[in-house]
Amino acid sequence: MRDLEGWTIAFDLDGTLVETAPDLIGTLNRMLAARDIPRMPVEAAQHLVGHGALALLRHGFQEAGAAWDEAQAPALLEEFLADYLANIAVHSRPYDGVVETLERLAARGAILCVATNKRTDLSVALIEALGLGRHFAVVCGPDRVSARKPDGAHIREAVTMAGGDPRRAIMVGDGAPDVQAAKRAGAPCVVVTFGYTPIPAAELGGDVLIDHFDALEAAVDRLVAGRI
């Protein structure tokens with residue numbers, strides 16, 4: 001296999017590295033239940049994940065039939081974040097093959113980082129709770145960059161903070177913001193098919209589709225070979 005030294009692989013978090021929907025929707029449902037609003041099944045609400053906590057909360061309330069008052073958004077967001085942080089890794093788990101794949105990529109010289117629309121402190125709390133922190137040079141939420149995904153600046157700045165070169169970067173994600181940000185950053189994008197996108201993964205416009213993390217190394221090798 002080709003040495004990957006000099007290449008940086010940036011990962012989305014929710015729906016890509018970690019199955020987080022049960023805990024995120026769990027927090028949403030506790031807030032709905034406290035207001036006597038019926039809970040949402042995880043399967044029906046997981047498409048809300050990946051765009052940030054406020055978007056999940058706003059659209060979750062609206063889809064559940066609850067009134068949404070934008071003036072109350074800061075207080076509702078604070079309530080959501082406090083509950084989520086207290087329950088951040090109750091059911092959330094890395095997808096099968098994630099740990100082994102990260103170890104193999106790092107052993108081949110790749111720099112690994114996280115570029116997520118989840119706030120950095122929440123992302124770090126989740127990653128550390130799951131024992132994944134040692135794999136990543138940096139965890140970069142939207143509060144650490146000049147513009148969040150789908151802006152390409154998110155990927156470029158995350159890769160730079162990790163010590164990498166944005167011209168030799170690959171994005172791995174599960175949704176439209178990941179693919180769009182990668183295109184705008186000039187980076188190829190691997191799309192996982194098991195994430196939370198409401199748009200079929202095959203229609204997102206990524207460069208390679210994978211159904212399992214075991215296939216990521218081969219996908220990276222193909223993309224690197226095409227860039228050298």
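Relevant structure appears above.
Attention here is on the structure that accompanies the text. The structure presented is a predicted model; accordingly, all values stated were derived computationally and were not measured.

Our focus in this paragraph is the pairing of strand β6 (residues 169–173). Most of β6 sits inside the fold, with 5 of its 5 residues counted as buried. Taking every second residue as pointing to the same face, both faces of β6 are buried, with Ala 169, Met 171 and Gly 173 on one and Ile 170 and Val 172 on the other. In the sheet, strand β1 (residues 8–11) pairs with β6 via 4 bridges, with the strands oriented parallel. Directly across from Phe 11, in β6, lies its bridge partner Val 172. Pairing between β6 and strand β7 (residues 189–192): 3 bridges, direction parallel. In the sheet register, Met 171 faces β7, and the bridge partner there is Cys 189. In this fold, the crossover linking β6 to β7 by way of helix α8 (residues 176–185) has right-handed handedness.

Next up on the list: the packing of helix α1 (residues 21–34) against helix α3 (residues 53–63). At a minimum axis separation of 11 Å, α1 and α3 run at an interaxial angle of 50°. Our classification of the angle between α1 and α3 gives oblique. With respect to the hand of their crossing, α1 and α3 are arranged in right-handed fashion. Residues Leu 24, Ile 25, Leu 28, Met 31 and Leu 32 of α1 pack against Leu 56, Leu 57, Gly 60 and Phe 61 of α3. A class-by-class count of the residues in the contact of α1 with α3 yields 8 nonpolar, 1 polar and no charged.

In this section: the packing of aromatic side chains. The full count for this structure, using the stated rule, is 6 aromatic pairs. A centroid spacing of 6.2 Å and a plane angle of 70° characterise the contact between Phe 11 and Phe 136, whose relative ring orientation is edge-to-face. Of this pair, Phe 11 sits in strand β1 while Phe 136 sits in the loop between α6 (120–129) and β5 (138–140), placing them 125 residues apart in sequence. Summarising the burial analysis for this pair, Phe 11 and Phe 136 share the class buried. Arranged with centres 6.3 Å apart and planes meeting at 25°, the rings of Phe 80 and Tyr 84 form a pair that is stacked. Taken as a pair, Phe 80 and Tyr 84 lie in helix α4 (residues 73–86) at a separation of 4 residues, close to a single helical turn. Judged by its relative accessible area of 0%, Phe 80 falls in the buried class. In this structure an aromatic cluster arises from ring pairing among Phe 11, Tyr 95, Phe 136, Phe 194 and Phe 213.

On to unusual backbone geometry, then. Lys 149 connects to Pro 150 through a cis peptide bond whose omega is 20°. Relative to the helices and strands, Pro 150 is located in the loop between β5 and α7 (152–161). Phi angles above zero are rare outside glycine, and Asp 36 is one such case at about 60°. Among the structural elements, Asp 36 can be located in the loop between α1 and α2 (42–45).

Glancing now at α3. Where α3 is concerned, the buried positions are Ala 55, Leu 56, Leu 57, Gly 60 and Phe 61. Two residues or fewer past α3, Gly 65 is found with a positive phi of approximately 85°.

On to the sheet that holds β5. Within the open sheet, the 6 strands sit side by side as β5-β4-β1-β6-β7-β8. Their pairing is parallel. A single partner strand is all that each edge strand has here, and the edge strands are β5 and β8 (208–210). Strand-to-strand twist across the sheet, computed as the mean angle between neighbouring axes with direction ignored, equals 25°. Against the sheet, α6 touches β4 (111–115) and β5, its axis set at about 135° to β5. Strands β6 and β7 of the sheet are contacted by α8, whose axis makes an angle of about 175° with β7.

Calculation criteria
- Residues numbered from 1 in each chain as written.
- Predicted model: local features only at pLDDT ≥ 70, side-chain atom pairs only at ≥ 80, totals over all residues.
- Heavy atoms only, no water.
- Buried < 20%, exposed > 50% of the residue type's maximum accessible area, 1.4 Å probe, protein only.
- Helix = DSSP H or I, 4+ residues; strand = E, 2+ residues; numbered from the N terminus.
- Pairing = 2+ DSSP bridges.
- Right-handed = clockwise from strand over helix to strand, strands pointing away.
- Axes fitted to C-alpha atoms, helices over the stretch in contact; angles between N-to-C directions.
- Parallel < 35°, antiparallel > 145°, perpendicular 65-115°, else oblique.
- Left-handed = near helix turned anticlockwise from the far one by under 90°.
- Contact = heavy atoms within 4.5 Å.
- Nonpolar A, V, L, I, M, F, W, Y, C, P; charged D, E, K, R; others polar.
- Phe/Tyr/Trp six-rings, centres within 6.5 Å; stacked < 30°, edge-to-face > 60°.

Everything listed here is a matter of geometry and, on its own, says nothing about what the molecule does.
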